[in-house]
There are 2 protein chains.
Amino acid sequence: MHYDTLKSILKAGGASLTQPRKIIFDLMLNQGPQSMQVLVRRAKDKVDRATVYRTIELFERLGIVRRLNIGWKYKIELTDAFSGHHHHMYCTNCGRVFDLPDNPMLETMIDTVAAKSGFSPRGHQLEVYGLCANCSKA
Amino acid sequence: MHYDTLKSILKAGGASLTQPRKIIFDLMLNQGPQSMQVLVRRAKDKVDRATVYRTIELFERLGIVRRLNIGWKYKIELTDAFSGHHHHMYCTNCGRVFDLPDNPMLETMIDTVAAKSGFSPRGHQLEVYGLCANCSKA
DNA sequence: GCTGAATTTGCAAATTTGTCGCAATTTAAT
DNA sequence: ATTAAATTGCGACAAATTTGCAAATTCAGC
């Protein structure tokens, strides 16, 4: 079922697929980028606060989630392996987050520019901020 | 002297150039991106923790510094006005931060892609992570 | 399916991070 | 120099994150 990929990543990392980890993974699947605060609140009654933190740390180390900077505090979301590669546009007026339209050429160019000085890029994060279509009108 | 630009920005914002603000500005000039934790520690004995936070908040509001997501926690650095527009490459092995080589075409393309869906971009942040030239060899 | 070793969890306490009110000090403009 | 306004430092807080440890869960091998 839908924990197969998760399970194999955990096993490869020497960790096991536990009840709390399933719950947190599901919370990540069903919601977009979310803050720790929100994730902890959503997991409340099922998973202890400390376990949420420990799990996210583990998930990040194994490349299951990543943290990104949207607005002031960081948020967590599933990595490309689960949600597809994408970037974000953050509306500084209404606070909503949108996906940046796909553009393979842009992706390539980012890695190319980075490689110019001998760096070996393994990934990147891009956040555009400004006004969304709606807020631009007002 | 070298506080001229800083002073005029502060004055334009209705704030004054004080001793603590000079100290913090200098700490930003001499170091690259740094975490609040480190900045607070470096300013210790000269500037109170609360003042560091208040100052960074002011500096951010006036566009003197910005915060960015490198590694785990956010970091602070001087804005483009002081350090020129640039992005970062973060080496996940040694933890060092490098500037991404300038590339005007990349900058343009980012805004263009964002504008595609009606978004009005006003800025962006890009972070590439991977291995630096040095760590690639090992 | 059961069993033991190893991992993981929940709980409570500690630490860290960021904020706030207010009296004392510093700044800037006369 | 003088003074009003802005700013600082100093607790004291509130919120976020981490840690130690005993109890519970997972998993591999029977």
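Rules behind the numbers
- Residues numbered from 1 in each chain as written.
- Chains lettered and ligands numbered in written order.
- Predicted model: local features only at pLDDT ≥ 70, side-chain atom pairs only at ≥ 80, totals over all residues.
- Heavy atoms only, no water.
- Axes fitted to C-alpha atoms, helices over the stretch in contact; angles between N-to-C directions.
- Helix = DSSP H or I, 4+ residues; strand = E, 2+ residues; numbered from the N terminus.
- Parallel < 35°, antiparallel > 145°, perpendicular 65-115°, else oblique.
- Left-handed = near helix turned anticlockwise from the far one by under 90°.
- Contact = heavy atoms within 4.5 Å.
- Nonpolar A, V, L, I, M, F, W, Y, C, P; charged D, E, K, R; others polar.
- Near = heavy atom within 4 Å.
- Polar contact = N/O pair within 3.5 Å; in protein donor to acceptor, adjacent residues only side chain to side chain.
- Buried < 20%, exposed > 50% of the residue type's maximum accessible area, 1.4 Å probe, protein only.
- Disulfide = S-S within 2.5 Å.
- Core = buried A, V, L, I, M, F, W, Y, C linked by side-chain atoms within 4.5 Å.
- Salt bridge = Lys/Arg side-chain N within 4 Å of Asp/Glu carboxyl O.

Asker: Kindly report on the packing of helix α6 (residues 104–115) of chain A against helix α6 (residues 104–115) of chain B, identifying the contributing residues and their values.
Answerer: Running from amino to carboxyl end, α6(A) crosses α6(B) at an angle of 155°, the nearest separation of the two axes being 10 Å. Classified by the angle their axes make, α6(A) and α6(B) are roughly antiparallel. The chirality of how α6(A) crosses α6(B) is left-handed. Judged by residue contacts, A:M105, A:L106, A:M109, A:I110 and A:V113 of α6(A) engage B:M105, B:L106, B:M109, B:I110 and B:V113 from α6(B). The class makeup of the residues in the contact of α6(A) with α6(B) is 10 nonpolar, no polar and no charged.

Asker: Could you give me a rundown of the protein's contact with DNA strand C, with the residues and numbers involved?
Answerer: Near DNA strand C there are 23 residues, and of these A:T51, A:R54, B:Q37, B:R49 and B:Y53 occur at the shortest range. Within 4 Å of the protein, the atoms of DNA strand C are drawn from sugar and phosphate moieties in a proportion of 69%. Here A:D48 contributes a backbone N or O atom positioned 3.2 Å from a phosphate oxygen of DNA strand C. Here B:R54 contributes a side-chain N or O atom positioned 3.5 Å from a base oxygen of DNA strand C. Of all the secondary-structure elements, those providing two or more residues to the surface near DNA strand C are α2 (19–30) and α4 (49–61) of chain A together with α3 (36–43) and α4 (49–61) of chain B. With 4 residues, the single largest contributor to the surface near DNA strand C is α4(B).

Asker: Which residues make up helix α3 (residues 36–43) of chain A, and what are the values?
Answerer: Residue and element names in this part refer to chain A. Turning to α3, its buried residues number three or more, namely M36, V38, L39, V40 and A43. Packing partners of the buried residues in α3 comprise α2, α4 and β2 (74–78). Once α3 ends, the next one or two residues include D45, with phi positive near 80°.

Asker: Describe the state of the cysteines, naming the residues involved and giving the relevant values.
Answerer: Residue and element names in this part refer to chain B. By the definition in use, this model includes 0 disulfides over all chains. Unpaired in this structure, C91 has its nearest cysteine sulfur neighbour in C94, at a distance of 3.5 Å. With no disulfide of its own, C132 lies 3.7 Å from the sulfur of C135, the closest cysteine sulfur. Look at C132 and you get buried, because its relative accessible area is 3%.

Asker: Outline the protein's contact with DNA strand D, supporting the account with residue identities and numerical values.
Answerer: The environment of DNA strand D is formed by 23 residues, the closest being A:R49, A:Y53, B:R21, B:T51 and B:R54. Backbone sugar and phosphate groups make up 69% of those atoms of DNA strand D lying within 4 Å of the protein. Here B:S16 contributes a backbone N or O atom positioned 3.2 Å from a phosphate oxygen of DNA strand D. In this structure, a phosphate oxygen belonging to DNA strand D sits 2.7 Å away from a side-chain N or O atom of B:T51. For the surface near DNA strand D, the secondary structure elements donating two or more residues are α3 and α4 of chain A together with α2 (19–30) and α4 of chain B. Among the residues making up the surface near DNA strand D, the classes are represented as 9 nonpolar, 7 polar and 7 charged.

Asker: Describe the nonpolar core, listing the residues and the values that go with them.
Answerer: Ranked by internal contacts, the top residues of the largest apolar core, which has 26 residues, are A:L100, A:L106, A:V128, B:L100, B:L106 and B:V128. Here B:L106 is in contact with A:L106, A:M109, A:I110, A:V113, B:L100 and B:L126, once residues within four sequence places are set aside.

Asker: Lay out the pattern of salt bridges in plain terms, naming residues and giving numbers.
Answerer: Residue and element names in this part refer to chain A. Scanning the entire structure with this criterion turns up 6 salt bridges over all chains. Across the pair E60 and R67 runs a salt bridge, and its minimum N-O distance is 3.2 Å. Residue classification places R67 among the buried positions, given a relative accessible area of 4%. If you follow the salt bridges from partner to partner, you end up with R66, E77 and D80 in one network.

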